[in-house]
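# Chain and residue survey
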Amino acid sequence: MSDKKPKKPQKLRARLPRGLEDRGPAAIAATRAMTDKIRAVYERYGFEPVETPAMEYTDALGKFLPDQDRPNEGVFSFQDDDEQWISLRYDLTAPLARYVAENFQNLALPYRSYRAGYVFRNEKPGPGRFRQFMQFDADTVGSASPAADAEMCMMAADTMEALGIPRGQYVVKVNNRKVLDGTLEGLSLGGDEHAQTRLTILRAIDKLDKFTELDVHLLLTIGRKDPSGDFTKGAGLIDEQAEKILSRLRRNSDTNEQTLDSIRGSADETATHQTGVQELEEIAKLLYSAGYKEDRIRIDPSVVRGLEYYTGPVYEVELLLETKDEKGRPVRFGSVGGGGRYDGLVSRFRGEPVPATGFSIGVSRLQAALTMLGKLDTRPQAGPVVVTVFGGDIAGYQKMVSDLRNAGIRAELYLGNPKHSLGQQMKYADKRHSPCAIIQGSDEKANGKVQIKDLIAGAGLTSIEDRTEYLKKQAEAQIEVGESDLVAEVRKILDKHDVKWG
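This one's a predicted model, so the numbers in the text were calculated from it and none came from an experiment. (Residues numbered from 1 in each chain as written. Predicted model: local features only at pLDDT ≥ 70, side-chain atom pairs only at ≥ 80, totals over all residues. Heavy atoms only, no water.)

## Remarks on the packing of aromatic side chains
The final tally for this structure, using the stated rule, is seven aromatic pairs. Their ring planes at 65° and their centres at 6.2 Å tell us that Tyr-42 and Tyr-114 sit as a pair that is edge-to-face. Here Tyr-114 lies in strand 5 (residues 111-120) and Tyr-42 lies in helix 1 (residues 25-44), a separation of 72 residues in the sequence. For Tyr-114, a relative accessible area of 4% gives the class buried. Ring geometry for Tyr-114 versus Phe-136: centroids 5.7 Å apart, planes at 35°, classification tilted. Here the residue Tyr-114 occupies a position in strand 5, and Phe-136 occupies one in strand 6 (residues 132-141), the gap between them amounting to 22 residues. Judged by relative accessible area, Phe-136 falls into the buried class, the value being 0%. (Phe/Tyr/Trp six-rings, centres within 6.5 Å; stacked < 30°, edge-to-face > 60°. Helix = DSSP H or I, 4+ residues; strand = E, 2+ residues; numbered from the N terminus. Buried < 20%, exposed > 50% of the residue type's maximum accessible area, 1.4 Å probe, protein only.)

What follows is the structure in structure tokens.
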């Protein structure tokens, strides 16, 4: 007979996948406050909401079409039961293109819409770099006018100020892909056969706000090894080609007109280049006439955006101010949003030209920046009023909770162990950040009374050193009222402490 003891079943280890984060009530409330302000600006510009699913057929997403060997390159993908590849969306633009194409005949064109939601990237996570994050987009589909692009830049500037970022602490930078395309054509890098090289060049240039010019030069030529030892393959250009590209990206002028002069004077006199300059000139004229000067929106040749589907004007919002992280190190946030014209995305489905332009705010990244800058209230939101219980009959306590809720006051009945002492129930209310707690023992119940304990005032008692003052404030922090006056007296306490639930 074996004397071995049976093995205890192993507990499952609770763990979060890399590149993801859990979010509590304070962060969620801050996101809601922030997106409400963004939504208000977008709606003021005449955009209306639309929602698309988090998953799409992978071929609808475009550039990340997986193959059998690498089905998850860049995106999270799986095969449906009919062997169709489906992917989690990596942005909100490609799904919108599919939606517009599918509903084209029923939409009023130009179609102006906004949407917010999480997107997913199957990429290496790092500090501040998540695999799931929120974006908030606005797009105009069906207009080829540069006014649609200028409007996106104006709206981006207005949104930053609505979020409490003053002028001088942000800038909306605008450029045109066609200007860079002209440079690449002049280097014999046009045509479909050089498409992958151009994409590598774009992604390298897009890192100018994070890397030094030398690092970008390496990415354009032989490749770069980062501090962790990871190597990124370069675009394979020779040094002279890389320098010519970088020279076109430097902005040495203070005004948009001076920047346009320098772009006009470059040697890339291709038709593509000329068209790009003309479109920038029109955008600059529209911005100036609407009162948006260089302190808010400026032309910057270094802006290219890393996604290949952009076909014309491109723009980014950059935060200019610096702050310090929790370890006192300087932090500059850089780009918190961007977009551009993508005239080919809807056309893939329609087989006809459908011009479109859009702008996206990286909500998760911008929220981190606004939190560090003190522009968002991240304090724990006030919890519900807690009604404590004594004894087995809780019907009377439940009525109090219902009365409070019917008056629009967040309230809950203590649903823990009914044998818990009042002290244990008060500890629960403190952990819930409750503004006040309701107490009714047998004596109060017999007399039709309730005790209301002001927990916010009570928390401040520890700082009072004078005994007389302490006793006075202690008496004010707990009052006895008639049952019929419960709602009115709780309301007074909430108003006194400016407690609101968003």
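## Quick notes on the packing of helix 9 (residues 256-264) against helix 10 (residues 271-289)
For any two helices packed against each other, the geometry is given by the interaxial angle and the distance between the axes. With their axes 11 Å apart at the nearest point, helix 9 and helix 10 run at an angle of 170° to one another. The angle between helix 9 and helix 10 falls in the class roughly antiparallel. Along the contact surface, helix 9 presents Leu-260, Ile-263 and Arg-264, while helix 10 presents His-273, Val-277, Leu-280, Glu-281 and Ala-284. Residue composition of the contact of helix 9 with helix 10, by class: five nonpolar, one polar and two charged. (Axes fitted to C-alpha atoms, helices over the stretch in contact; angles between N-to-C directions. Parallel < 35°, antiparallel > 145°, perpendicular 65-115°, else oblique. Contact = heavy atoms within 4.5 Å. Nonpolar A, V, L, I, M, F, W, Y, C, P; charged D, E, K, R; others polar.)

## As for helix 5 (residues 177-186)
Among the ten residues that make up helix 5, seven are buried, leaving the element largely enclosed by the rest of the structure. Among the residues of helix 5, Arg-177, Lys-178, Val-179, Leu-180, Gly-182, Thr-183 and Leu-184 are the ones counted as buried. Phi for Ser-188, located one or two positions after helix 5, is positive at around 60°.

## Observations concerning unusual backbone geometry
With glycine set apart, most residues show a phi of negative sign, and most peptide bonds adopt trans. Going from Leu-109 to Pro-110, the amide bond is cis rather than trans, its omega being -5°. For Pro-110, the location among the structural elements is in the loop between helix 3 (93-102) and strand 5. Here the phi dihedral of Glu-83 falls at roughly 65°; this positive angle occurs in a residue that is not glycine. Secondary-structure assignment places Glu-83 in the loop between strand 3 (77-79) and strand 4 (85-88). On the basis of relative accessibility, which here comes to 62%, the residue Glu-83 falls in the exposed class. A positive phi angle, near 55°, is found at Asp-498, a position not held by glycine. The residue Asp-498 is located in the segment after helix 18 (486-496) in this model.

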